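Notes for the structure review
Read off the chains here:
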Amino acid sequence: MRHEAPSIDDAGTSDPAESPAAPAGPTARTRRAAWSTRKARSIGIAVVGVLLTIGIIITVGGAAPPPPTTRPLLLGGVIPGPDGPIVLPTDTPAAPPTEAERAWLAEGTVPGGTGRYREMAERALLDMRVLSRPDGSVAAAWYGIWKYVWPRDAAWVAAAFTATGHDREALAVLRRLATLQRPDGTWEARYRLDGGPVGDRRAAQLDGNGWVPWAIWFWYVHQDPKAPETVAALGELWPTVRGASDAAAGRLGADGLPPRGSDYWETRTDQVTLGTAAPLSAGLRASADLARRTGDAAGAQRWAGASARLDHGIEAAFGPHDYPRTASAKGGADTAVTWLGPPFAAPNAKVAGAVRKSAELLTLPNGGILPGEHWAGDPTAAWTPETASFALFGAASGDRAGAESRLSWLADHRTAYGSLPEKVDAHGKPASVAPLAWTSATVVLALAALDGPLPIP
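Described in the following lines is the structure provided in the data block. (Residues numbered from 1 in each chain as written. Predicted model: local features only at pLDDT ≥ 70, side-chain atom pairs only at ≥ 80, totals over all residues. Heavy atoms only, no water.)

1. Re the overall build of the protein
Scanning the protein from N- to C-terminus turns up 13 helices and 5 strands. Counting every position in the protein, which comprises 457 residues, the buried fraction comes to 52%. Long-range contacts, defined here as pairs at least 24 residues apart, represent 68% of the contacts in the protein between residues at least 6 apart. For the protein, the exposed surface amounts to about 20,100 Å²; the carbon and sulfur share of it is 57%. (Helix = DSSP H or I, 4+ residues; strand = E, 2+ residues; numbered from the N terminus. Buried < 20%, exposed > 50% of the residue type's maximum accessible area, 1.4 Å probe, protein only. Contact = heavy atoms within 4.5 Å. Areas by Shrake-Rupley, 256 points an atom, 1.4 Å probe, with all protein chains shown as cover.)

2. Concerning the pattern of salt bridges
In this structure the tally under the stated criterion is 27 salt bridges. A salt bridge links glutamate 107 to arginine 168; the nearest nitrogen and oxygen atoms lie 3.2 Å apart. Of this pair, glutamate 107 sits in the loop between α2 (99–106) and α3 (115–131) while arginine 168 sits in helix α5 (residues 167–180), placing them 61 residues apart in sequence. We classify glutamate 107 as partly exposed; its relative accessible area is 47%. (Salt bridge = Lys/Arg side-chain N within 4 Å of Asp/Glu carboxyl O.)

3. Concerning the nonpolar core
Within the largest apolar cluster, 122 residues are counted, with the highest numbers of intra-cluster contacts made by Trp156, Trp214, Leu274, Ile314, Tyr323, Trp339 and Leu407. Setting aside anything within four residues of it in sequence, one finds tyrosine 323 in contact with Leu274, Ile314, Glu315, Phe318, Val337, Leu340, Lys350, Val351 and Ala354. (Core = buried A, V, L, I, M, F, W, Y, C linked by side-chain atoms within 4.5 Å.)

4. Overview of the sheet that holds strand β4 (residues 423–424)
Within the open sheet, the 3 strands sit side by side as β3-β4-β5. Their pairing is antiparallel. On the outer flanks of this sheet lie β3 (382–383) and β5 (430–431), each paired with one strand and no other. By the bridge criterion, 2 bridges tie β4 to β5 in an arrangement that is antiparallel. For valine 424, the partnering residue across the bridge sits in β5 and is proline 430. (Pairing = 2+ DSSP bridges.)

5. Observations concerning unusual backbone geometry
The step from proline 342 to proline 343 runs through a cis peptide bond, and the omega angle for that step is 5°. If you trace the backbone, proline 343 turns up in the loop between α9 (297–317) and α10 (349–362). A cis amide bond links alanine 434 with the next residue in sequence, proline 435, at an omega value of 0°. Turning to its location among the elements, proline 435 is positioned in the loop between β5 and α13 (437–451). Of note in the backbone geometry, arginine 201 takes a positive phi value of approximately 60° without being a glycine.

6. What about the side chain of serine 132?
Among the structural elements, serine 132 can be located in the loop between α3 and α4 (151–163). Judged by its relative accessible area of 15%, serine 132 is buried. Within the structure, the side chain of serine 132 is placed 2.7 Å from the backbone oxygen of methionine 128, a separation counted as a polar contact. (Polar contact = N/O pair within 3.5 Å; in protein donor to acceptor, adjacent residues only side chain to side chain.)

7. Regarding helix α11 (residues 384–397)
For α11, with 14 residues, the first-to-last C-alpha span of 20 Å sits near the 20 Å given by 1.5 Å per residue. Among the 14 residues of α11, 12 are classified as buried, and the element is accordingly described as predominantly covered. Among all positions in α11, only Thr384, Pro385, Glu386, Thr387, Ala388, Ser389, Phe390, Ala391, Leu392, Phe393, Gly394 and Ala395 are buried. As for α11, its buried residues are in contact with α4, α10, β3, α12 (400–412), β4 and α13. At the exit of α11 stands glycine 398, carrying a positive phi of roughly 90°. (Expected span 1.5 Å × (residues − 1).)

8. Observations concerning the packing of aromatic side chains
Tallying each qualifying case throughout the model produces 20 aromatic pairs. Aromatic side chains tryptophan 211 and tryptophan 214 sit 6.1 Å apart centroid to centroid with 75° between the ring planes, which places their arrangement in the edge-to-face category. Of the two residues, tryptophan 211 and tryptophan 214 both sit in helix α6 (residues 208–221), 3 residues apart, roughly one turn of that helix. Each member of the pair, tryptophan 211 as well as tryptophan 214, carries the same accessibility label: buried. The rings of Trp156, Trp211, Trp214, Trp217, Phe218, Tyr264, Trp339, Phe344 and Trp438 are connected pair by pair, giving a single aromatic cluster. The residue whose ring lies beneath arginine 152 is tryptophan 438, and the NZ or CZ to ring-centre distance is 5.0 Å. Over the aromatic face of phenylalanine 390 sits the side chain of arginine 406, whose NZ or CZ is 6.0 Å from the ring centroid. (Phe/Tyr/Trp six-rings, centres within 6.5 Å; stacked < 30°, edge-to-face > 60°. Lys NZ or Arg CZ within 6 Å of the ring centre and 35° of its normal.)

Next up, the structure:
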């Protein structure tokens, strides 16, 4: 997730105070210096008094600095251009797919049991196509700080393309992710579209080691395993699966949990988060199943064992508190709980109950979902990837009514062009950027899950 730094006005400096006139000479200079010293002392005492007063007000009255605000909508959508996506103004009206776009959509399927859902899925698929470069790089969005490749977002896009039968695009994204993998089997938090490092010293995020193997498994189980092209493609991708899964397994501690580190919140933390543990669980389980399907008994045993240790660690540390963001009663509800169930894991009644409780805690007055109870960003703005994650869980778990409620909310809060924004502000208006690749992918997967069951590793 992309965090926006709050605006900070430059601190102004006032002109120096004028001193009273004084005759020239050493005595005058001495008097003037003494006067300046007394004035500085007085100002210092006054400043300290003001600060103390502010501190008392904050402590006693409960006041706090204003929360960071959400940017208004920056773009309404994108269309393909000769040199890349063309950004559309925020008020651009909806337009039907072109003949070329309809032909591409017809190469696969478009999920959605109603005309409205199908139209939302069409636009989401076309938006992901525009954000995907010819080499398989997927921009999170086509604006400023979003114009990078996040392994997490790209993996979900590959899965969405797979679910709709757009296998050529899915495979291009997976191959690109394979080329971006580091020698130690992990990924950076994000990359430039040309594959180079961003250079902002952002901490690496281990969740990619779960999402990418899961996406490769998801692609594979939709293919004919005996087809020569499937065998060849998996041969290309298998080193990526092996490297990612061995790296994930090797980082599990004695308690079965991964190390502390940044996750989809993209903030530094000194605790293990569910946002890292849940994706790794799905990835290790998917890798073990993929190894079984392809006859790699050693890999299957190794990754199944790691998956079991991780699942036990999650249950022991997070389970007693309804699977919060961090392993304590004060960890706070988190959207990552939705990744502990279908389509990433088998149904679990305890997880389902925690998802319901988390939804109650995280649903805002505008109807959307906040990332977590202790989210440090704008507490009034809903995030669409999180809202769509709850929709996906519901759709894959058989809660059709719950899924359709979330999906209808998402459909209602698209831009005029029909694209899904990153956020929805307190007034129910699309905010930040649109389209967002991760949201588009999650919505497509949720609609596909309503049309038919998605595979579970």
